[in-house]
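Each chain, written out:
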Amino acid sequence: MNLQPSIDTGRGAGFSLLHTPEASLPLLFLLPGSLGYGASLTALTASLREVARVVPVRYPDLGMILKGQNSVSDMAAAAVEQISRAQPHGHVRLLGHSLGGAVAFDVATRLLAAERSVKFFGILDTSLMGERSSSWETVTRTIHRIRNNRVTASRMACRALAKATTAIGREADLARIVDRRTKGQFNVTYFRIGQELQEVLRAKAYFRWLVQPRSVLPITAILFRCDRKKMPQALGWNHAFAQVDVVPSAGSHTDLVMQPHLAVNGPLITNAVLQTYSPDEFPTRKAGYSRDCASNPEPDRTSVQ
């Protein structure tokens, strides 16, 4: 599989496309991280608009989580339902970001068991190693994100409250307080508390999933991996797939789908998806595409089995 990066335009010069109506493009199901589908993933969706119709998957919301749908398995079940509704037949393509990589794995397991074809499985820097940041790393990263306007102090306060509440098992009480105080009216602070509580509970589900047994899927996954010091190259995914192709990606785990890093990573993802298409699925590629691919050098990539 040849992946040709092009970072000059942010759209990739390694391929040449005719303008294709979005409705006729193959589907790519995007499984977001614990925050859900936000602004950064919207930018990623826009970068893929000429080669795929991206369908963001929605997970059970906070109300459903508190009613017991609080596992990666529950998220995967919701995702499979949405995939089956949007695309009941044909090849399925999955792209998981952070927590979404774990959900996508469970989705692929279910689809393969149902004899569906998983043509593309992309992982945006999800690790199966279960690493947790030290207190110093967390503080340093938070300060950096605040200085770069990636997060506000008020949001961090809401997150701290959500973490403290879930640590003592009182998340349902906090949710009831939020509902009672808002009484159906929108309030920025309480909305943020609810969002942070939802994210913390999804992250807990991910760490529970990490210790569960998994079978090896007989397909190839592509891991778009950011620089992680002292971490195995495949981040543990080599024990989950027949083969993992590791593609070094720009940025960090929190900003690999944001600019300026998206200008580098977007073409890598685009080309990886494009390589999985047959002429019947994507007939509007220009005839010169294959020649362009052959003439462009591949990025650094390692296959791990």
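Structure: above.
Residues numbered from 1 in each chain as written. Predicted model: local features only at pLDDT ≥ 70, side-chain atom pairs only at ≥ 80, totals over all residues. Heavy atoms only, no water.

Caption draft 1: Here's a closer look at the overall build of the protein. The number of helices and strands found in the protein is ten helices and seven strands. The buried share among the 305 residues of the protein stands at 46%. A total accessible area of about 15400 Å² is found for the protein, and carbon and sulfur atoms account for 53% of it. (Helix = DSSP H or I, 4+ residues; strand = E, 2+ residues; numbered from the N terminus. Buried < 20%, exposed > 50% of the residue type's maximum accessible area, 1.4 Å probe, protein only. Areas by Shrake-Rupley, 256 points an atom, 1.4 Å probe, with all protein chains shown as cover.)

Caption draft 2: Spotlight on the pattern of salt bridges. All chains considered together, the criterion is met by nine salt bridges. Between Arg93 and Glu281 there is a salt bridge, with the nearest N and O atoms lying 2.9 Å from each other. With a gap of 188 residues between them, Arg93 in strand β3 (residues 92-97) and Glu281 in the loop between α9 (262-274) and α10 (289-295) connect regions that are remote in the sequence. An identical accessibility class is assigned to Arg93 and Glu281; each is buried. The closest approach of N and O atoms between Asp125 and Arg228, which form a salt bridge, is 2.9 Å. Taken as a pair, Asp125 in the loop between β4 (118-124) and α5 (135-147) and Arg228 in the loop between β5 (217-225) and β6 (241-248) lie far apart in primary sequence, 103 residues in all. As far as the burial class goes, Asp125 and Arg228 line up, both buried. (Salt bridge = Lys/Arg side-chain N within 4 Å of Asp/Glu carboxyl O.)

Caption draft 3: Region of interest: the packing of helix α3 (residues 72-86) against helix α4 (residues 99-113). Between α3 and α4, whose axes approach to 8 Å, the crossing angle comes to 65 degrees. The chirality of how α3 crosses α4 is right-handed. Here α3 contributes Val72, Ser73, Met75, Ala76, Ala77, Ala79, Val80 and Ile83 to the contact with α4, which in turn contributes Leu99, Ala102, Val103, Asp106, Val107 and Arg110. A per-class count over the contact of α3 with α4 returns eleven nonpolar, one polar and two charged. (Axes fitted to C-alpha atoms, helices over the stretch in contact; angles between N-to-C directions. Left-handed = near helix turned anticlockwise from the far one by under 90°. Contact = heavy atoms within 4.5 Å. Nonpolar A, V, L, I, M, F, W, Y, C, P; charged D, E, K, R; others polar.)

Caption draft 4: The arrangement of the packing of helix α6 (residues 153-167) against helix α8 (residues 188-210) in detail. Running from amino to carboxyl end, α6 crosses α8 at an angle of 50 degrees, the nearest separation of the two axes being 8 Å. For the element pair α6 / α8, the angle class is oblique. Seen along the crossing, α6 lies across α8 with a hand that is right-handed. In this structure, α6 contributes Arg155, Cys158, Arg159, Leu161, Ala162, Lys163 and Thr166 to the contact, and α8 contributes Thr189, Arg192, Ile193, Glu196, Leu197, Glu199, Val200, Leu201 and Lys204. Taken together, the residues of the contact of α6 with α8 break down into seven nonpolar, two polar and seven charged. (Parallel < 35°, antiparallel > 145°, perpendicular 65-115°, else oblique.)

Caption draft 5: Structural context of α4. Taking 1.5 Å of rise per residue, the 15 residues of α4 would be expected to cover 21 Å, and the 22 Å separating its terminal C-alpha atoms lies within 8% of that figure. α4 sits mainly inside the fold: eleven of its 15 residues count as buried. Along α4, the positions that sit buried rather than exposed are Leu99, Gly100, Gly101, Ala102, Val103, Ala104, Phe105, Asp106, Val107, Ala108 and Leu111. Among the residues trailing α4, Glu115 stands out with phi positive, at a value near 65 degrees. (Expected span 1.5 Å × (residues − 1).)

Caption draft 6: Quick peek at the nonpolar core. In this structure, Leu31, Leu94, Val103, Val107, Phe121, Trp237 and Phe241 are the most contacted members of the largest nonpolar core, which totals 41 residues. At the level of elements, β1 (27-31), α3, β3, α4, β4, α8, β5 and β6 are the ones that each hand at least two residues to this core. In terms of residue count, the dominant contributor to this core is α4 (eight residues). Not counting residues up to four positions away in its chain, the partners in contact with Leu94 are Leu28, Phe29, Leu31, Ile83, Ala104, Val107, Ala108, Val118, Phe120, Phe121 and Gly122. If you look at the next biggest cluster of nonpolar residues, it comprises 26 residues, including Leu124, Phe224, Ala272 and Val273. (Core = buried A, V, L, I, M, F, W, Y, C linked by side-chain atoms within 4.5 Å.)

Fair warning: the whole summary comes from geometry, so function is off the table for now.
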